[in-house]
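# Geometric and topological summary
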Amino acid sequence: MAERVVLITGATGNLGRAVAAAFEAEGARLALVGSRSESLDEAFPKRDPRHLKLAADLVDAGAAAGAVAEAERQFGRIDALCALAGGFHMGEPVHDMPPDAWKRMMELNVATVMNVAKAAVPGMIARKSGRIVTVGSMAALKGGAEMSAYASSKSTVMRLTESMAAELRGHGINVNCVLPSTIDTPENRAAMPKADPEKWVRPADLAAVIAFLCSDGARAMHGALVPVVGLV
Ligand SMILES: NC(=O)c1ccc[n+]([C@@H]2O[C@H](COP(=O)([O-])OP(=O)(O)OC[C@H]3O[C@@H](n4cnc5c(N)ncnc54)[C@H](OP(=O)(O)O)[C@@H]3O)[C@@H](O)[C@H]2O)c1
């Protein structure tokens, strides 16, 4: 991974910080994208020439393109895109769904991936090389009560991944998706105090799978939806 350039969206989040740590340990240069500069400074307080912090609302296609262009300008290229930004919402049946809840899930989970991928792919095509990893969800393999917006948005990410993989494999670009079960995060521990977090997936374990999908070892993988469900 030495000298490779990895752009990570959702870098300030629980998974994003673990993925950044995994690539940092391998010597990669990191374009770290969060929605706000305050959260970026909080997550990555130390000054590091191998870090480029980029604040952008990735729901906005122009802002996403600007972040990708700045990463390419500063680092020369993007070898791997880890499109991790996303969010979760549940709680209403379809017949009671506020239009904003549906729209927000599609924005946070689909538009953020689509906008940054659209901006990063042309450079990868020009170099005939690239890795893209997206994040679906085990919980979106099937619809569930009061989860339609989330499940639909993450299902869309999975289909987008498969379509991009088919479109881009001839260009030397691998596109794959991880499907985590519940990730062991402080937010999930607070929301589910009676659950056993040992049964969840640790961010570092998920990060290791994402790093593998960006490695040479995964060069023959295209359009895989990889379940990552923890140790026990
Ligand atoms: N947590 C779970 O149990 C679980 C399970 C399955 C799948 N996933 C998926 O795994 C991924 C990471 O989850 P996580 O728990 O690490 O999430 P998280 O801690 O909530 O972090 C979300 C990240 O997305 C960024 N983000 C949100 N809206 C954005 C926007 N409009 N523009 C740019 N960035 C934006 C946030 O940036 P700021 O902090 O700067 O706002 C933050 O870095 C997500 O795609 C999530 O859906 C999570």
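Residues numbered from 1 in each chain as written. Predicted model: local features only at pLDDT ≥ 70, side-chain atom pairs only at ≥ 80, totals over all residues. Heavy atoms only, no water.

## Brief notes about the packing of aromatic side chains
- Applying the stated criterion across every chain yields a total of 1 aromatic pair.
- Seen in terms of ring centroids, Phe 88 and Tyr 150 are 4.7 Å apart; in terms of plane orientation they differ by 75°. Their pairing is edge-to-face. Remark: Tyr 150 occurs in helix α5 (residues 148-168) and Phe 88 occurs in the loop between β4 (80-83) and α4 (99-127); sequence separation between them is 62 residues.
- Using a relative accessible area of 51% as the deciding quantity, one classes Phe 88 as exposed. (Phe/Tyr/Trp six-rings, centres within 6.5 Å; stacked < 30°, edge-to-face > 60°. Helix = DSSP H or I, 4+ residues; strand = E, 2+ residues; numbered from the N terminus. Buried < 20%, exposed > 50% of the residue type's maximum accessible area, 1.4 Å probe, protein only.)

## A short note on the UniProt feature "domain: Ketoreductase" (unreviewed entry) in the protein
- UniProt tags residues 4-181 as "domain: Ketoreductase" (unreviewed entry).
- Between the C-alpha atoms that bound residues 4-181 there is a distance of 29 Å. The span itself is 47% helix and 19% strand. (UniProt positions renumbered as here; feature names shortened; annotations may be inferred.)

## Comments concerning helix α1 (residues 14-25)
- A rise of 1.5 Å per residue sets the reference length of α1, with its 12 residues, at 16 Å; its end C-alpha atoms lie 17 Å apart and thus fit the reference within 8%.
- Within the span of α1, buried status applies to Leu 15, Gly 16, Ala 18, Val 19, Ala 20 and Phe 23.
- Check the buried side of α1 and you find it contacts β1 (5-9), β2 (29-34), β4, β5 (130-135) and α7 (203-213).
- Gly 27, located one to two residues past α1, shows a positive phi value of around 85°. (Expected span 1.5 Å × (residues − 1). Contact = heavy atoms within 4.5 Å.)

## Considerations on the site of the ligand
- Around the ligand sit 30 residues in total, of which Thr 12, Leu 15, Ser 35, Ser 39 and Leu 84 are the nearest.
- For the ligand, an oxygen atom lies 3.4 Å from a polar atom in the backbone of Arg 36.
- In this structure, a nitrogen atom belonging to the ligand sits 3.4 Å away from a main-chain N or O atom of Ala 56.
- In the complex, 83% of the free accessible area of the ligand, which totals 910 Å², lies under the protein chains.
- Of all the secondary-structure elements, those providing two or more residues to the shell around the ligand are α1, α4 and α5.
- Counted by class, the shell around the ligand contains 12 nonpolar, 15 polar and 3 charged residues. (Near = heavy atom within 4 Å. Polar contact = N/O pair within 3.5 Å; in protein donor to acceptor, adjacent residues only side chain to side chain. Areas by Shrake-Rupley, 256 points an atom, 1.4 Å probe, with all protein chains shown as cover. Nonpolar A, V, L, I, M, F, W, Y, C, P; charged D, E, K, R; others polar.)

## Topic: the state of the cysteines
- Inspection of every chain in the model, using the stated rule, returns 0 disulfides.
- The structure places no disulfide on Cys 82, whose sulfur is separated from the nearest cysteine sulfur, that of Cys 214, by 3.9 Å.
- Given a relative accessible area of 0%, Cys 82 falls into the buried group.
- Counting only cysteine sulfurs, Cys 82 is the nearest neighbor of Cys 177, a cysteine outside any disulfide, at a range of 12 Å. (Disulfide = S-S within 2.5 Å.)

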